[in-house]
Amino acid sequence: MRLSHPGASLRNRLFLGHALLLALALATVTAIETRGQRDWILSRDREALERTAHHLVFDLPSAGPAAPGAAPDWPDWAGRKARGLGARITLIDSTGRVIGDSEVPREELPTLENHATRPEVRRALAGNPGWAVRHSASIGVDLLYVAVPAGRMGAGNPAVVRVAEPLANISRVNTSLLRLSFAAMALTLAGMALLLFWFTGRHAGRIRDLEEAAARLGADSPAPRASELPEDSLGRLGRAINSMAGELKSRLHAIEQERDERDLILAHMSDGVALLDRDGLVLHMNHRLAAILGATRPADPGTPFPEFVRSPELDDLLKRARLGTSPVETDLRLWSPQLRLVRATASPLRASSAGVLLVLHDLTEAETLNRVRQDFVANVSHELRTPLTSLRGYAETLLEGGLDDAAHREGFVRVIRDQTLRLQALVSDLLSLAELERPEARLNWETFDLREAVERQMGAFRPAARRTGLALEIEPGPAEIVRADRPRIDQVLANLLDNAVKYTERGEVRVRLGGDESRVWCEVSDTGHGIPPGDRARIFERFYRVDKGRSREQGGTGLGLSIVKHILALHRGDVTVRVNAGPGSTFRFEFPRVPVVRAS
């Protein structure tokens, strides 16, 4: 079998690529060399002009020919010297006034601007040689100026002698050198191109042979042995292809066996499993997932998953998993065709180009049993509230001095009251949780400032924080106007702040607020002991405590975070926990920003 594209095409691509790189390298070197040549010529010319200027300083006359002590005729002197040297000569006094110029008539000298600010003149007036390259406004050409100090002070005496030469002279020399550089570059490029043409042709032939062998191997057809000589990179590639051919069939057999075993395992799993690609197309689905979703058979590979099941919550979960780097888990209620509660876990698979592994665990039966328990707890708590309230009132009556043995009875009564308070808190939390978990639970929507609600709740906890030496702060920011069930949100804030203050021994508790057009969030950070990794996934379960002994000492019921989670679920929000970079943890809750209805 021959490949469809000829070897000449590969040879041409290799040749053109290397030739372009070579041409670019030569052009870069030539450009750098050209710039260096011009700078060298300019430097040589500047040094020559500086030597000329110093000779002119030595030749300056001390008095004119008309009368002893009279000032020399500087314009005439500059003109005579310039004709002999073939350069422009300018004489400038210590004030910057031009008193003689070989290119400017005598009568136009008073009209010339003061030269004291010219860079080369300014440097010469300071006692050092100076030079500059610029366009001359007086004669209309580009010149190289070199100025040296003459040492004559006073108006009318030359303090600076400046010699100038047109840049056209320098350009002619530079152009000649440039032609030589381009000729050398062209000869080098031609010679290297011939060598490259032979070299790329040889490599193109070897690469074509290796490509043919690899194509036969990929087509699962008898492949000829690739050439392994000479011992260079292509030779080692040929040896690798020959070695790969011997291992391919055994690997394919192992992969097919592993695929069959995987399909068998997935078919007998109690959880529903589906593998989706980055576009949401089904790659694989087991029968259990189809049964959970109410379908008679799994979706065929290539079926868009949103067409197989209509669930915006599930689509949102998959979208968040694709955008993230860690598994996303949530509980969903699906109609398939009956209502089912499932725990959906979407795990991004970066190795499969942003694919997602979806696992649905059916919690419908567990939810039914849980509802029975909730009803039982609600009924028992309701029956216990009245006697517990009476017991508390009786204990407080005893504490006010109703009995005579104050040495012992007061301690017993305080224990009775403390336990009563704890039982009452437990009953209250159980009732709240049962109310939140009822399917008919409703929210009383109202518009309020979440930041003001946070500040009010923090005010209630400041005395307790002050007693333990904790700083209780809220980061400044604008008002966060939300529409939600205010008493429920107050309960969320109270539970999170209560936990933060109780379980932080030193440091601070800080609250942050923020949001965008679609969501609003609040974070409560503490500097406590933090939460062990094995406990983070379970802290929102009812009655689950990280440190059971300490939690009971602090008066906790183990229901606060579960209440928080259920309240936010009613708001279509969520609560999460993360470990801080330093000590402590951060609890973050967020919920959608419901549009505020303004009165007309």
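One numbering rule holds for all chains: residues counted from 1, following each sequence as written. Local features are withheld for residues below a pLDDT of 70 in this predicted model, meaning they are given only at 70 or higher, and side-chain atom pairs are given and counted only at 80 or more; totals for whole chains, interfaces and linings count all residues. Water and hydrogen atoms were dropped before computing side-chain values, which therefore reflect all heavy atoms in the structure.

S.K.: An account of the environment of methionine 185 is needed here, citing residue identities and associated values.
M.R.: Helix and strand definitions here come from DSSP, where helices need a minimum of 4 consecutive H or I residues and strands a minimum of 2 consecutive E residues; each element is numbered from the N-terminal end. Position of methionine 185 among the secondary structure elements: in helix α4 (residues 167-218). With 162 residues separating them along the chain, methionine 185 and alanine 23 place their C-alpha atoms 8.7 Å apart. Contact criterion: two residues are considered in contact whenever any of their non-hydrogen atoms come within 4.5 Å of each other. Once residues within four sequence positions are removed from consideration, methionine 185 is found in contact with Leu26, Ala27 and Thr30.

S.K.: Pulling in residues and values, what's your account of the pattern of salt bridges?
M.R.: The rule for a salt bridge is simple: a side-chain nitrogen of Lys or Arg has to be within 4 Å of a carboxyl oxygen of Asp or Glu. Tallied over the full model, the rule gives 26 salt bridges. Two residues, aspartate 101 and arginine 88, come together in a salt bridge whose shortest N-O distance is 2.9 Å. With aspartate 101 in strand β2 (residues 98-101) and arginine 88 in strand β1 (residues 88-92), the pair connects residues that are 13 residues apart, well separated along the chain. Residues aspartate 101 and arginine 88 agree in their burial class; the two are buried. The shortest N-O distance in the salt bridge between aspartate 490 and arginine 456 comes to 2.9 Å. On the criterion of sequence distance, the pair formed by aspartate 490 in helix α12 (residues 486-502) and arginine 456 in helix α11 (residues 450-467) is long-range, its members being 34 residues apart. Relative accessible area decides the class of each residue, using a 1.4 Å probe on protein chains only: under 20% of the type maximum gives buried, over 50% gives exposed, and in between gives partly exposed. Taking the relative accessible area as the measure of exposure, aspartate 490 reaches 14% and is therefore buried. Look at the salt bridges and you will find they share partners, linking Glu475, Arg512, Arg519, Glu523, Arg578, Arg588 and Glu590 into a network.

S.K.: A description of a nonpolar patch on the surface should follow, citing residues and the corresponding values.
M.R.: Patch building starts from residues that exceed 30% relative accessible area and form no salt bridge, then joins like charges within 9 Å and nonpolar side chains (Val, Leu, Ile, Met, Phe, Trp, Tyr) within 5 Å. The accessible surface values rely on the Shrake-Rupley method and a 1.4 Å probe; as for residues, cover is taken only from the protein chains in view. A cluster of nonpolar residues, Met192, Leu195, Trp198 and Phe199, forms a patch on the protein surface that exposes about 420 Å² of accessible area. Counting through the fold element by element, methionine 192 comes out in helix α4.

S.K.: Could you give me a rundown of helix α15 (residues 560-570), with the residues and numbers involved?
M.R.: Those residues of α15 that sit buried are Gly560, Leu561, Ser562, Ile563, Val564, Ile567 and Leu568. Backbone geometry just after α15 places arginine 572 at a positive phi near 60 degrees.

S.K.: Provide a residue-level description of the packing of aromatic side chains, including the pertinent values.
M.R.: Centre distance within 6.5 Å is the pairing criterion for rings of Phe, Tyr and Trp, where only the six-membered ring of Trp is used; planes under 30 degrees apart are then read as stacked, over 60 as edge-to-face, and the remainder as tilted. The tally for this structure, following the rule as stated, stands at 3 aromatic pairs. On the basis of an interplanar angle of 80 degrees and a centroid distance of 6.3 Å, the ring pair of phenylalanine 540 and phenylalanine 587 is categorised as edge-to-face. Of this pair, phenylalanine 540 sits in the loop between α13 (533-536) and α14 (548-553) while phenylalanine 587 sits in strand β17 (residues 585-592), and the two are 47 residues apart along the sequence. By relative accessible area, which is 13% here, phenylalanine 540 ends up buried. By definition here, charges over rings are those cases where NZ of Lys or CZ of Arg is within 6 Å of the ring centre and within 35 degrees of the ring normal. Seen from the ring of tryptophan 131, arginine 46 lies directly overhead, with NZ or CZ sitting 4.3 Å from the centre. The positively charged end of arginine 134 is found above the aromatic ring belonging to tyrosine 145, 4.4 Å away from the centroid.

S.K.: Before we move on, could you go through the packing of α12 against α15 and cite the residues and values that matter?
M.R.: Two packed helices can be described by the angle between their axes and the distance between those axes. Axis definition: a line fitted to C-alpha atoms, limited for helices to the stretch in contact. Angles are taken between N-to-C directions and run from 0 to 180 degrees. Look at α12 against α15: their axes get within 9 Å of each other, and the N-to-C directions meet at 145 degrees. Of the two elements, α12 crosses α15, and the hand of that crossing is left-handed. Residue-level inspection shows Arg488, Gln491, Val492, Asn495, Leu496 and Asn499 of α12 in contact with α15, the latter providing Gly560, Leu561, Ile563, Val564 and Ile567. The class makeup of the residues in the contact of α12 with α15 is 6 nonpolar, 4 polar and 1 charged. The sense of a crossing depends on the near helix, which, turned anticlockwise from the far helix by less than a right angle, makes the crossing left-handed and, turned clockwise, makes it right-handed. Classes in brief: Ala, Val, Leu, Ile, Met, Phe, Trp, Tyr, Cys and Pro nonpolar; Asp, Glu, Lys and Arg charged; the others, Gly included, polar.

S.K.: Quick rundown of the nonpolar core? Include the residues and the values.
M.R.: Joining through side-chain atoms within 4.5 Å is the link that ties buried Ala, Val, Leu, Ile, Met, Phe, Trp, Tyr and Cys residues into a set, and such a set is a nonpolar core. Ranked by internal contacts, the top residues of the largest apolar core, which has 41 residues, are Leu450, Val454, Leu493, Leu496, Val511, Phe589 and Phe591. Leucine 450 has contacts with Glu480, Val482, Ile489, Leu493, Leu513 and Val520, leaving out every residue within four places of it along the chain. Counting 23 residues, the second-largest nonpolar core is a separate cluster that includes Ala299, Val328, Val342 and Ala346.

S.K.: Got a sec to walk through the sheet that holds strand β8 (residues 328-335)? Specific residues and values, please.
M.R.: Taken in spatial order, the 5 strands make up an open sheet running β7-β6-β10-β9-β8, and their pairing is antiparallel. Looking along the sheet, the strands with just one partner apiece sit at the ends: β7 (282-285) and β8. Averaged over all adjacent pairs, the angle separating strand axes in this sheet is 25 degrees, with direction ignored. Strands were regarded as paired on the criterion that DSSP finds at least two bridges between them. Inspection of the sheet shows β8 paired to strand β9 (residues 339-349) by 8 bridges, in the antiparallel sense.

S.K.: How would you explain the sheet that holds strand β12 (residues 471-474) if you had to name every residue and give the values?
M.R.: Here 5 strands make up an open sheet; going across it, the order is β12-β14-β15-β17-β16 and the pairing mixed. Each end of this open sheet is capped by a strand with a single partner; those strands are β12 and β16 (574-579). Averaged over all pairs of adjacent strands, the angle between their axes in this sheet comes to 15 degrees, without regard to strand direction. The pairing of β12 with strand β14 (residues 508-515) spans 4 bridges and is classified as parallel. Paired with leucine 472 across the bridge in β14 is valine 509. Sheet strands touched by α11: β12, β14 and β15 (519-526). Its angle to β12, the strand with the most contacts, is close to 175 degrees.

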